[in-house]
Amino acid sequence: MKIIMLGAPGAGKGTQAKQIAGKYNIPHISTGDIFRANIKNGTDLGKKAKEYMDQGLLVPDELTCDLVMDRISHDDCKNGFVLDGFPRTIPQAEALDEALKKIGQSMDFAINVDVPDSHIVNRMSGRRACLGCGATYHVVAIPPKKEGICDICGSELVLRDDDKPETVQKRLDVYHEQTQPLIEYYDKQGILKTVDGTMQMEDVFASIAKILGA
Ligand code: AP5
Ligand code: MG
Ligand code: ZN
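Residues numbered from 1 in each chain as written. Chains lettered and ligands numbered in written order. Predicted model: local features only at pLDDT ≥ 70, side-chain atom pairs only at ≥ 80, totals over all residues. Heavy atoms only, no water.

Chemist: Describe unusual backbone geometry, with residues and values.
Modeler: Backbone torsion omega between Phe86 and Pro87 reads -10°, so that peptide bond is classified as cis. Among the structural elements, Pro87 can be located in the loop between strand 3 (81-84) and helix 5 (90-102). Residues other than glycine seldom take positive phi values, yet Asn25 does so here, at roughly 55°. With respect to the helices and strands, the residue Asn25 is situated in the loop between helix 1 (13-24) and strand 2 (28-30). Residue classification places Asn25 among the exposed positions, given a relative accessible area of 68%. (Helix = DSSP H or I, 4+ residues; strand = E, 2+ residues; numbered from the N terminus. Buried < 20%, exposed > 50% of the residue type's maximum accessible area, 1.4 Å probe, protein only.)

Put into structure tokens, the structure is as follows:
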């Protein structure tokens with residue numbers, strides 16, 4: 001099963017993608033997590049990506065597409081994968097379609113997690129992320145068992161550099177301008193499904209599981 005998660009920054013793409021990956025036993029591929037891991041490790045890619053990410057801008061397609069195409073060619077992706085944060089522009093979507101077409105495949109579902117902008121800033125200011133394993137919490141909605149510590153790997157939780165309110169607003173503007181057109185793109189392909197992302201996390205996941213079947 002090959003799934004794309006669409007949605008504004010903070011809509012819950014990562015939260016849901018992790019659950020889908022667990023339930024269907026397919027890899028969760030988050031370009032944001034890959035860039036953050038590169039920043040943490042001080043790689044060249046990380047240095048380049050950080051310049052854009054800290055401003056709430058998109059990392060250029062040429063730094064992003066090859067990375068994803070390489071990742072989905074790995075063996076663990078042969079039964080499918082869930083893409084989180086990619087594609088984010090029409091050219092990225094076209095590059096993905098092209099790459100899959102070459103091997104006689106196509107995406108199965110594009111799931112749009114719909115959350116209005118008015119909810120987003122609040123969610124982001126409460127988000128805490130684990131740089132160790134990528135887990136995400138919310139201080140009120142989804143708190144870790146022990147404050148500031150990841151339930152899964154025990155690392156310290158941090159506020160993401162790009163979760164400051166000014167940067168969140170910029171990310172929302174960029175989303176509406178460059179990523180939202182993908183909703184129509186996948187609707188035309190007949191694979192778009194929309195879920196109400198303002199529900200409780202478990203209810204959002206139940207709606208997604210229903211769409212995916214089983
Ligand atoms: P990325 O890491 O993809 O960030 P994003 O799209 O802005 O989305 P987020 O990760 O912020 O939110 P999410 O939808 O995953 O929500 P989450 O589950 O965490 O990208 C970061 C940057 O990297 C970009 O700005 C760009 O610069 C660059 N980049 C990445 N991919 C790129 C690409 N393809 N091309 C170019 N540049 C790229 O949830 C948010 C919060 O809400 C959490 O605290 C969570 O616990 C909470 N929450 C989740 N669900 C619920 C619920 N149902 N109810 C209440 N709270 C909830
Ligand atoms: Mg995310
Ligand atoms: Zn962790």
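Chemist: Describe the nonpolar core, naming the residues involved and giving the relevant values.
Modeler: Counting residues in hydrophobic clusters, the biggest one holds 27 residues, and the most contacted among them are Ile4, Ile72, Leu83, Leu96, Met107 and Tyr186. Listed by contribution, the elements that provide at least two residues to this core are strand 1 (2-6), helix 3 (44-53), helix 4 (61-72), strand 3, helix 5 and helix 8 (181-189). Here Tyr186 is in contact with Ile4, Leu6, Pro87, Ala93, Leu96, Ala110, Ile191 and Leu192, once residues within four sequence places are set aside. Among the nonpolar cores identified, the runner-up in size contains 25 residues, and Ala11, Val115, Ile120 and Tyr175 belong to it. (Core = buried A, V, L, I, M, F, W, Y, C linked by side-chain atoms within 4.5 Å. Contact = heavy atoms within 4.5 Å.)

Chemist: I'd like to hear about the sheet that holds strand 7 (residues 157-158), residue by residue, with values.
Modeler: Taken together, 3 strands build an open sheet; the order of strands is 6-5-7 and the sheet is antiparallel. The open sheet terminates on both sides in strands that have one partner only, identified here as strand 6 (136-138) and strand 7. Both strand 5 (residues 127-130) and strand 6 contribute to a ladder of 3 bridges, which runs antiparallel. Along strand 6, the bridge assignment pairs Arg128 with Tyr137. (Pairing = 2+ DSSP bridges.)

Chemist: Provide a residue-level description of the environment of Arg171, including the pertinent values.
Modeler: Positionally, Arg171 belongs in helix 7 (residues 165-179). In the structure, Arg171 is positioned 116 residues away from Gln55 in sequence and 8.3 Å away in space, judged by C-alpha atoms. Setting aside chain neighbours within four positions, we find Arg171 in contact with Pro9, Gly56, Met124, Arg127, Arg160, Asp162 and Asp163. Side-chain polar atoms of Arg171 contact the side chain of Asp163, separated by 2.9 Å. (Polar contact = N/O pair within 3.5 Å; in protein donor to acceptor, adjacent residues only side chain to side chain.)

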